[in-house]
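Now for the letters of each chain:
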Amino acid sequence: MSESGAFGQGLAVNNSVSLGVFLAVAANARVPFTVVELAGRGVTASAAATRWVLEVGKPSLDGFTLADKLIEFGEWEEQLVGWWQAFGQDEVGMTDFEVQLAQIVQAMEDWPRVPEGPVEDFSSRLRRVLGPGADR
């Protein structure tokens, strides 16, 4: 599928493991609203992490340091997938799943991303790389 094929709006597909899991959690009829709220926070944290990598991490960190940071984030994604699968197979209860989800989401929220205050605007450079309409 082309980038412009998704809803006809030039929407690029985000291949994020955590985003997929958070959306699945939020859409599951078995989870209470507190878990849906955590999943929503997780979606935001995942998007902020992607933005941090593109706008701060890549331009300012050497490859090894950035790789270490991405590995750290990937470990939380692996935990998220594991807990979601265990919940889906009834190997863990709702309370344990919610506690673990809250810890993972908090870790993702605390993960380095765009700092507070003025930040150089990289959006024009990103549009050149991703193409017109990439910020929609």
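The structure under discussion appears in the preceding block.
Rules used in this analysis
- Residues numbered from 1 in each chain as written.
- Predicted model: local features only at pLDDT ≥ 70, side-chain atom pairs only at ≥ 80, totals over all residues.
- Heavy atoms only, no water.
- Helix = DSSP H or I, 4+ residues; strand = E, 2+ residues; numbered from the N terminus.
- Areas by Shrake-Rupley, 256 points an atom, 1.4 Å probe, with all protein chains shown as cover.
- Core = buried A, V, L, I, M, F, W, Y, C linked by side-chain atoms within 4.5 Å.
- Buried < 20%, exposed > 50% of the residue type's maximum accessible area, 1.4 Å probe, protein only.
- Contact = heavy atoms within 4.5 Å.
- Phe/Tyr/Trp six-rings, centres within 6.5 Å; stacked < 30°, edge-to-face > 60°.
- Polar contact = N/O pair within 3.5 Å; in protein donor to acceptor, adjacent residues only side chain to side chain.

Peer 1: Just give me the short version of the overall build of the chain, but keep the residues and values in it.
Peer 2: Assigned secondary structure in the chain consists of 5 helices and 0 strands. Order of helices (α) and strands (β) in the chain, N terminus to C terminus: α-α-α-α-α. Here the chain has roughly 8500 Å² of accessible surface; of this, 56% comes from carbon and sulfur atoms.

Peer 1: So what's going on with the nonpolar core? Which residues, and what values?
Peer 2: Membership of the largest hydrophobic core comes to 27 residues, with the highest contact counts inside it found for Phe 22, Val 25, Trp 76, Phe 97, Leu 101, Met 108 and Trp 111. At the level of secondary structure, the elements contributing two or more residues to this core comprise α1 (17–27), α2 (33–60), α3 (63–88) and α4 (94–110). When residues of this core are assigned to their parent elements, the largest contribution, 8 residues, is made by α2. Look past the residues within four positions of Leu 101 in its chain and what remains in contact with it is Phe 22, Val 25, Val 35, Leu 38 and Leu 80.

Peer 1: Kindly report on the environment of Gly 88, identifying the contributing residues and their values.
Peer 2: As for its placement among the helices and strands, Gly 88 is situated in helix α3. Taking the C-alpha atoms as reference, Gly 88 lies 9.7 Å from Arg 30; in sequence the two are 58 residues apart.

Peer 1: I'd like a description of the packing of aromatic side chains, backed by residues and values.
Peer 2: One pass over the full model with this rule turns up 6 aromatic pairs. Judged by centre distance (6.3 Å) and plane angle (80 degrees), the ring pair of Phe 73 and Trp 76 falls under edge-to-face. Of this pair, Phe 73 and Trp 76 both sit in helix α3, 3 residues apart, which is roughly one turn of the helix. Judged by its relative accessible area of 8%, Phe 73 is buried. Both rings, one in Phe 73 and one in Trp 111, keep their centres 5.0 Å apart while their planes meet at 55 degrees; by these two values the pair is tilted. With Phe 73 in helix α3 and Trp 111 in the loop between α4 and α5 (123–130), this residue pair connects regions lying 38 residues apart in the sequence. One aromatic cluster in this structure is built from Trp 52, Phe 73, Trp 76 and Trp 111.

Peer 1: Lay out the side chain of Ser 18 in plain terms, naming residues and giving numbers.
Peer 2: With respect to the helices, strands and loops of the structure, Ser 18 is situated in helix α1. Reaching out from Ser 18, the side chain makes a polar contact with the side chain of Glu 77 at a distance of 3.0 Å. Excluding its chain neighbours within four sequence positions, the residues that come into contact with Ser 18 are Ser 46, Phe 73, Glu 77, Leu 80 and Met 108.

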